[in-house]
Amino acid sequence: MVVTGGSGFLGSRLARELLAAGSLPVAGRAARPVARVTLIDRAPAPADLAADARVAVVRGELGDLLDPVSAGLEALAGAEVIFHLAAAVSGECEADFDLGLRANLQATESLLACCRALGTSPGVVYSSSVAVFGGSAEQPLPAVITDHTRPNPQTSYGTQKVIGEYLLADYTRKGFLNGRAVRLMTVSVRPGRPNAAASGFLSGIIREPLSGQRAVCPVDPGTEVALASPAKAVGALLCAASSSDRAWGGRTAVAMPALTVTVAEMAAALTRVAGPQVSGLIDWVPDPAVARMFATWPARIRADRAARLGLAPDPDFDSVIRMHLAESRR
(Lines give C-alpha, C1' and ligand atoms only; values in the text may rest on other atoms or scores of the structure.)
Protein backbone atom coordinates (compact mmCIF):
# COMPACT_ATOMS: atom_id res chain seq x y z
CA MET A 1 0.00 0.00 0.00
CA VAL A 2 1.16 3.52 -0.79
CA VAL A 3 -0.35 6.71 0.64
CA THR A 4 0.65 10.02 -0.95
CA GLY A 5 0.19 12.84 1.51
CA GLY A 6 0.75 10.14 4.11
CA SER A 7 1.97 12.51 6.82
CA GLY A 8 -1.16 14.64 6.71
CA PHE A 9 -3.98 14.15 9.14
CA LEU A 10 -6.13 12.12 6.74
CA GLY A 11 -3.25 10.15 5.23
CA SER A 12 -1.78 9.23 8.60
CA ARG A 13 -5.19 8.19 9.91
CA LEU A 14 -5.71 6.03 6.83
CA ALA A 15 -2.28 4.43 7.33
CA ARG A 16 -3.05 3.63 10.97
CA GLU A 17 -6.34 2.00 10.01
CA LEU A 18 -4.67 -0.10 7.32
CA LEU A 19 -2.01 -1.27 9.77
CA ALA A 20 -4.55 -1.95 12.52
CA ALA A 21 -6.74 -3.99 10.18
CA GLY A 22 -3.75 -5.97 8.92
CA SER A 23 -5.47 -6.86 5.65
CA LEU A 24 -7.58 -5.32 2.88
CA PRO A 25 -9.93 -7.00 0.39
CA VAL A 26 -8.76 -5.16 -2.75
CA ALA A 27 -11.44 -4.62 -5.42
CA GLY A 28 -13.74 -7.25 -3.94
CA ARG A 29 -11.16 -10.01 -3.90
CA ALA A 30 -10.15 -12.03 -0.86
CA ALA A 31 -8.45 -9.98 1.85
CA ARG A 32 -4.72 -9.59 1.36
CA PRO A 33 -2.31 -8.89 4.23
CA VAL A 34 -1.05 -5.34 4.60
CA ALA A 35 2.63 -6.12 5.03
CA ARG A 36 3.94 -2.66 4.16
CA VAL A 37 2.61 0.88 3.94
CA THR A 38 4.72 3.49 2.16
CA LEU A 39 4.06 7.11 3.10
CA ILE A 40 5.07 9.76 0.56
CA ASP A 41 5.06 13.33 1.81
CA ARG A 42 7.26 16.39 2.03
CA ALA A 43 6.56 16.53 5.78
CA PRO A 44 8.01 14.07 8.31
CA ALA A 45 5.81 11.13 9.22
CA PRO A 46 4.14 11.09 12.66
CA ALA A 47 6.42 9.47 15.23
CA ASP A 48 4.25 6.40 15.78
CA LEU A 49 4.17 5.59 12.07
CA ALA A 50 7.86 6.32 11.52
CA ALA A 51 8.69 3.86 14.33
CA ASP A 52 6.56 1.06 12.84
CA ALA A 53 8.68 -1.54 11.04
CA ARG A 54 5.88 -2.03 8.50
CA VAL A 55 6.06 1.62 7.40
CA ALA A 56 8.43 3.06 4.80
CA VAL A 57 8.73 6.84 4.57
CA VAL A 58 9.66 8.69 1.38
CA ARG A 59 10.29 12.41 1.93
CA GLY A 60 9.95 15.02 -0.78
CA GLU A 61 7.62 16.78 -3.19
CA LEU A 62 5.55 14.16 -5.01
CA GLY A 63 6.06 15.70 -8.44
CA ASP A 64 9.84 15.79 -7.97
CA LEU A 65 9.98 12.23 -6.66
CA LEU A 66 8.09 10.89 -9.68
CA ASP A 67 9.94 12.82 -12.40
CA PRO A 68 11.26 11.15 -14.45
CA VAL A 69 8.88 8.21 -14.34
CA SER A 70 11.71 5.77 -13.64
CA ALA A 71 12.43 7.56 -10.36
CA GLY A 72 8.94 6.84 -9.05
CA LEU A 73 8.84 3.15 -9.85
CA GLU A 74 10.83 2.12 -6.78
CA ALA A 75 8.46 3.88 -4.39
CA LEU A 76 5.38 2.38 -6.04
CA ALA A 77 6.74 -1.08 -6.90
CA GLY A 78 4.68 -3.93 -5.52
CA ALA A 79 1.81 -1.72 -4.33
CA GLU A 80 -1.61 -3.20 -4.95
CA VAL A 81 -3.32 0.07 -4.03
CA ILE A 82 -2.08 3.65 -4.13
CA PHE A 83 -4.15 6.14 -2.15
CA HIS A 84 -3.52 9.55 -3.73
CA LEU A 85 -4.25 12.16 -1.05
CA ALA A 86 -1.38 14.62 -1.61
CA ALA A 87 -2.69 18.03 -2.70
CA ALA A 88 -2.48 21.75 -2.27
CA VAL A 89 -5.67 22.91 -0.57
CA SER A 90 -8.29 25.33 -1.86
CA GLY A 91 -7.03 28.55 -0.30
CA GLU A 92 -3.47 27.84 -1.42
CA CYS A 93 -4.60 27.21 -5.00
CA GLU A 94 -6.53 30.48 -5.15
CA ALA A 95 -3.56 32.41 -3.78
CA ASP A 96 -0.93 30.67 -5.92
CA PHE A 97 -2.20 29.38 -9.26
CA ASP A 98 1.10 27.78 -10.24
CA LEU A 99 1.33 25.89 -6.95
CA GLY A 100 -2.07 24.35 -7.60
CA LEU A 101 -1.03 23.28 -11.10
CA ARG A 102 2.17 21.67 -9.81
CA ALA A 103 0.74 19.96 -6.73
CA ASN A 104 -2.71 18.96 -7.93
CA LEU A 105 -2.42 18.51 -11.67
CA GLN A 106 1.18 17.85 -12.70
CA ALA A 107 1.93 15.61 -9.70
CA THR A 108 -1.25 13.62 -10.38
CA GLU A 109 -0.28 13.21 -14.05
CA SER A 110 3.17 11.98 -12.96
CA LEU A 111 1.65 9.52 -10.49
CA LEU A 112 -0.70 8.05 -13.08
CA ALA A 113 2.16 7.74 -15.58
CA CYS A 114 4.21 5.85 -13.00
CA CYS A 115 1.28 3.54 -12.27
CA ARG A 116 1.01 2.82 -15.97
CA ALA A 117 4.73 2.11 -16.20
CA LEU A 118 4.46 -0.47 -13.41
CA GLY A 119 2.55 -2.71 -15.81
CA THR A 120 0.55 -4.26 -12.94
CA SER A 121 -2.70 -2.23 -13.20
CA PRO A 122 -2.68 -1.23 -9.52
CA GLY A 123 -5.69 0.17 -7.76
CA VAL A 124 -5.58 3.96 -7.41
CA VAL A 125 -7.93 5.68 -4.96
CA TYR A 126 -8.05 9.39 -5.72
CA SER A 127 -9.30 11.88 -3.16
CA SER A 128 -11.39 14.32 -5.14
CA SER A 129 -13.67 16.94 -3.65
CA VAL A 130 -17.18 18.32 -3.53
CA ALA A 131 -15.48 21.49 -4.85
CA VAL A 132 -15.87 20.06 -8.37
CA PHE A 133 -19.44 21.37 -8.13
CA GLY A 134 -20.42 25.01 -8.17
CA GLY A 135 -22.92 27.53 -9.36
CA SER A 136 -22.60 30.02 -12.21
CA ALA A 137 -24.92 32.19 -14.30
CA GLU A 138 -25.10 29.64 -17.11
CA GLN A 139 -25.32 26.63 -14.76
CA PRO A 140 -26.85 27.50 -11.37
CA LEU A 141 -26.08 25.24 -8.45
CA PRO A 142 -28.98 22.82 -7.93
CA ALA A 143 -30.60 22.64 -4.52
CA VAL A 144 -29.40 19.04 -4.16
CA ILE A 145 -26.34 17.47 -5.77
CA THR A 146 -26.91 13.96 -7.11
CA ASP A 147 -24.75 11.34 -8.80
CA HIS A 148 -25.83 12.82 -12.14
CA THR A 149 -25.03 16.48 -11.44
CA ARG A 150 -22.48 17.83 -13.91
CA PRO A 151 -19.30 19.27 -12.36
CA ASN A 152 -19.00 23.04 -12.66
CA PRO A 153 -16.03 24.08 -10.51
CA GLN A 154 -15.73 27.73 -9.55
CA THR A 155 -12.25 27.56 -8.00
CA SER A 156 -8.81 26.51 -9.21
CA TYR A 157 -8.80 23.68 -6.67
CA GLY A 158 -12.13 22.30 -7.90
CA THR A 159 -10.98 22.58 -11.52
CA GLN A 160 -7.77 20.69 -10.81
CA LYS A 161 -9.67 17.98 -8.95
CA VAL A 162 -12.15 17.35 -11.75
CA ILE A 163 -9.33 17.19 -14.31
CA GLY A 164 -7.70 14.56 -12.08
CA GLU A 165 -10.97 12.59 -12.05
CA TYR A 166 -11.12 12.57 -15.84
CA LEU A 167 -7.48 11.52 -16.19
CA LEU A 168 -8.00 8.71 -13.69
CA ALA A 169 -11.08 7.51 -15.57
CA ASP A 170 -9.23 7.47 -18.89
CA TYR A 171 -6.23 5.60 -17.48
CA THR A 172 -8.78 3.10 -16.11
CA ARG A 173 -10.55 2.83 -19.47
CA LYS A 174 -7.22 2.01 -21.11
CA GLY A 175 -6.49 -0.71 -18.54
CA PHE A 176 -3.38 0.99 -17.15
CA LEU A 177 -4.79 0.99 -13.62
CA ASN A 178 -8.03 0.50 -11.70
CA GLY A 179 -9.04 3.99 -10.58
CA ARG A 180 -11.62 4.98 -8.01
CA ALA A 181 -12.30 8.68 -7.38
CA VAL A 182 -14.07 9.69 -4.17
CA ARG A 183 -15.53 13.18 -3.83
CA LEU A 184 -14.83 13.96 -0.19
CA MET A 185 -16.86 16.46 1.77
CA THR A 186 -15.32 19.15 3.96
CA VAL A 187 -13.81 17.18 6.84
CA SER A 188 -14.60 18.42 10.34
CA VAL A 189 -13.25 18.30 12.92
CA ARG A 190 -9.69 18.22 11.59
CA PRO A 191 -7.11 17.80 14.39
CA GLY A 192 -3.87 19.73 14.67
CA ARG A 193 -3.03 23.16 13.41
CA PRO A 194 -5.11 25.24 10.97
CA ASN A 195 -4.33 24.82 7.28
CA ALA A 196 -4.81 27.09 4.27
CA ALA A 197 -8.07 25.53 3.09
CA ALA A 198 -10.88 28.04 2.60
CA SER A 199 -13.07 25.65 4.60
CA GLY A 200 -10.55 25.39 7.45
CA PHE A 201 -12.70 27.52 9.74
CA LEU A 202 -15.28 24.72 9.84
CA SER A 203 -12.82 22.83 11.99
CA GLY A 204 -11.29 25.88 13.63
CA ILE A 205 -14.53 27.12 15.18
CA ILE A 206 -14.76 23.81 17.05
CA ARG A 207 -11.13 22.80 17.60
CA GLU A 208 -9.79 26.14 18.85
CA PRO A 209 -12.58 26.91 21.37
CA LEU A 210 -12.23 23.39 22.78
CA SER A 211 -8.58 24.30 23.42
CA GLY A 212 -9.53 27.59 25.08
CA GLN A 213 -8.63 29.72 22.05
CA ARG A 214 -10.76 32.18 20.13
CA ALA A 215 -11.74 31.36 16.54
CA VAL A 216 -13.20 33.42 13.72
CA CYS A 217 -16.20 32.35 11.66
CA PRO A 218 -16.10 34.32 8.37
CA VAL A 219 -19.56 33.37 7.03
CA ASP A 220 -23.14 34.07 8.06
CA PRO A 221 -24.44 31.76 10.83
CA GLY A 222 -27.20 30.57 8.50
CA THR A 223 -24.74 29.25 5.91
CA GLU A 224 -25.37 25.58 5.15
CA VAL A 225 -22.36 23.28 4.75
CA ALA A 226 -21.80 19.63 3.82
CA LEU A 227 -19.51 17.89 6.30
CA ALA A 228 -18.00 14.51 7.10
CA SER A 229 -16.01 13.41 10.13
CA PRO A 230 -12.44 12.13 9.64
CA ALA A 231 -13.69 8.60 10.37
CA LYS A 232 -16.32 8.80 7.63
CA ALA A 233 -13.80 10.21 5.12
CA VAL A 234 -11.31 7.39 5.76
CA GLY A 235 -14.16 4.88 5.59
CA ALA A 236 -15.07 6.16 2.12
CA LEU A 237 -11.46 5.82 0.92
CA LEU A 238 -11.22 2.25 2.23
CA CYS A 239 -14.57 1.42 0.62
CA ALA A 240 -13.24 2.66 -2.72
CA ALA A 241 -10.23 0.35 -2.44
CA SER A 242 -12.15 -2.71 -1.31
CA SER A 243 -15.34 -2.62 -3.43
CA SER A 244 -15.68 -4.90 -6.43
CA ASP A 245 -15.85 -3.33 -9.90
CA ARG A 246 -19.51 -4.30 -10.16
CA ALA A 247 -20.39 -2.76 -6.80
CA TRP A 248 -18.44 0.42 -7.56
CA GLY A 249 -20.49 0.88 -10.69
CA GLY A 250 -18.31 2.55 -13.30
CA ARG A 251 -15.40 4.92 -13.86
CA THR A 252 -17.07 8.14 -12.69
CA ALA A 253 -16.40 9.56 -9.23
CA VAL A 254 -18.54 8.66 -6.24
CA ALA A 255 -19.67 11.47 -3.93
CA MET A 256 -19.54 10.40 -0.31
CA PRO A 257 -22.56 11.09 1.91
CA ALA A 258 -22.63 14.33 3.86
CA LEU A 259 -24.11 15.73 7.03
CA THR A 260 -25.79 19.03 6.15
CA VAL A 261 -25.81 21.61 8.94
CA THR A 262 -25.71 25.37 9.27
CA VAL A 263 -22.77 27.02 10.93
CA ALA A 264 -25.16 28.19 13.66
CA GLU A 265 -26.15 24.56 14.28
CA MET A 266 -22.47 23.66 14.59
CA ALA A 267 -22.06 26.33 17.26
CA ALA A 268 -25.20 25.12 19.03
CA ALA A 269 -23.80 21.57 19.06
CA LEU A 270 -20.60 22.92 20.60
CA THR A 271 -22.70 24.59 23.31
CA ARG A 272 -24.49 21.32 24.07
CA VAL A 273 -21.30 19.28 24.21
CA ALA A 274 -18.87 21.72 25.87
CA GLY A 275 -20.94 24.57 27.29
CA PRO A 276 -21.66 28.21 26.39
CA GLN A 277 -18.29 29.37 27.73
CA VAL A 278 -16.65 27.37 24.94
CA SER A 279 -18.96 28.31 22.07
CA GLY A 280 -18.67 31.91 23.26
CA LEU A 281 -15.09 31.88 21.99
CA ILE A 282 -16.35 31.99 18.39
CA ASP A 283 -16.08 35.47 16.85
CA TRP A 284 -18.49 36.10 13.99
CA VAL A 285 -16.51 38.32 11.61
CA PRO A 286 -17.80 38.24 8.00
CA ASP A 287 -15.26 37.86 5.21
CA PRO A 288 -16.93 38.64 1.87
CA ALA A 289 -14.31 36.72 -0.15
CA VAL A 290 -14.85 33.51 1.83
CA ALA A 291 -18.62 34.00 1.79
CA ARG A 292 -18.59 34.37 -2.01
CA MET A 293 -16.59 31.15 -2.37
CA PHE A 294 -18.95 29.25 -0.09
CA ALA A 295 -21.96 30.50 -2.03
CA THR A 296 -20.73 28.39 -4.98
CA TRP A 297 -20.26 25.18 -2.95
CA PRO A 298 -23.03 22.60 -2.54
CA ALA A 299 -24.47 21.88 0.89
CA ARG A 300 -27.02 19.14 0.16
CA ILE A 301 -25.92 15.82 -1.34
CA ARG A 302 -28.01 12.82 -2.36
CA ALA A 303 -25.31 10.15 -2.58
CA ASP A 304 -27.23 7.14 -3.91
CA ARG A 305 -24.17 5.27 -5.23
CA ALA A 306 -22.39 5.72 -1.92
CA ALA A 307 -25.47 4.49 -0.05
CA ARG A 308 -25.53 1.33 -2.18
CA LEU A 309 -21.92 0.78 -1.16
CA GLY A 310 -22.95 0.92 2.50
CA LEU A 311 -21.68 4.43 3.23
CA ALA A 312 -23.73 6.72 5.45
CA PRO A 313 -23.31 10.28 6.76
CA ASP A 314 -22.53 11.16 10.35
CA PRO A 315 -25.77 11.07 12.36
CA ASP A 316 -25.39 14.56 13.85
CA PHE A 317 -22.74 17.13 14.64
CA ASP A 318 -22.86 16.54 18.39
CA SER A 319 -21.46 13.05 17.80
CA VAL A 320 -18.74 14.46 15.54
CA ILE A 321 -17.58 16.80 18.32
CA ARG A 322 -17.65 14.01 20.89
CA MET A 323 -15.59 11.80 18.57
CA HIS A 324 -13.04 14.59 18.16
CA LEU A 325 -12.80 15.06 21.92
CA ALA A 326 -12.34 11.33 22.53
CA GLU A 327 -9.63 11.07 19.89
CA SER A 328 -7.87 14.20 21.14
CA ARG A 329 -7.65 12.72 24.64
CA ARG A 330 -6.07 9.56 23.21
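Residues numbered from 1 in each chain as written. Predicted model: local features only at pLDDT ≥ 70, side-chain atom pairs only at ≥ 80, totals over all residues. Heavy atoms only, no water.

Colleague: What exactly am I supposed to notice about the packing of helix α6 (residues 97–118) against helix α7 (residues 156–173) here?
Modeller: In a packed pair of helices, the relevant descriptors are the angle between the two axes and the axis-to-axis distance. Interaxial distance between α6 and α7 falls to 10 Å at its minimum, and their mutual angle equals 10 degrees. When the axis of α6 is compared with that of α7, the two are roughly parallel. Note on element contacts: α7 touches α6 through S156, Y157, Q160, I163, G164, L167, L168 and Y171, opposite F97, G100, L101, N104, L105, T108, E109, L112, A113 and R116. By residue class, the composition of the contact of α6 with α7 is 10 nonpolar, 6 polar and 2 charged. (Axes fitted to C-alpha atoms, helices over the stretch in contact; angles between N-to-C directions. Helix = DSSP H or I, 4+ residues; strand = E, 2+ residues; numbered from the N terminus. Parallel < 35°, antiparallel > 145°, perpendicular 65-115°, else oblique. Contact = heavy atoms within 4.5 Å. Nonpolar A, V, L, I, M, F, W, Y, C, P; charged D, E, K, R; others polar.)

Colleague: In this structure, what is going on with the nonpolar core? I would like to understand it.
Modeller: Residues M1, L18, L24, V37, F83, V182 and I301 are the most contacted members of the largest nonpolar core, which totals 50 residues. Contributions of two or more residues to this core are made by α1 (9–21), β4 (37–41), β6 (81–84), β8 (178–184), β11 (224–228), α9 (230–242) and β12 (254–255). Sequence-distant contacts of V37, that is, excluding residues within four places in its chain, are made with M1, V3, A15, L18, L19, R54, V55 and A56. Grouped together as the second largest cluster of nonpolar side chains are 28 residues, M266, A267, M293 and L325 included. (Core = buried A, V, L, I, M, F, W, Y, C linked by side-chain atoms within 4.5 Å. Buried < 20%, exposed > 50% of the residue type's maximum accessible area, 1.4 Å probe, protein only.)

Colleague: How do you make sense of the packing of α1 against α9 when you look at a structure like this?
Modeller: The N-to-C vectors of α1 and α9 enclose an angle of 65 degrees; their axes lie 10 Å apart at closest approach. α9 is crossed by α1, and the crossing has right-handed handedness. Where α1 abuts α9, its residues F9, L10, R13, L14, E17 and L18 lie against P230, A231, A233, V234, L237 and L238. Counted by class, the contact of α1 with α9 contains 10 nonpolar, no polar and 2 charged residues. (Left-handed = near helix turned anticlockwise from the far one by under 90°.)

Colleague: Please explain unusual backbone geometry as it appears in this structure.
Modeller: Among all residues save glycine, negative phi is the norm, and among peptide bonds the norm is trans. S188 connects to V189 through a cis peptide bond whose omega is 20 degrees. Tracing the sequence through the fold places V189 in the loop between β9 (186–187) and α8 (201–210). Even without a glycine there, the phi angle at A27 is positive, about 50 degrees. Along the polypeptide, A27 turns up in the loop between β2 (23–24) and β3 (32–33).

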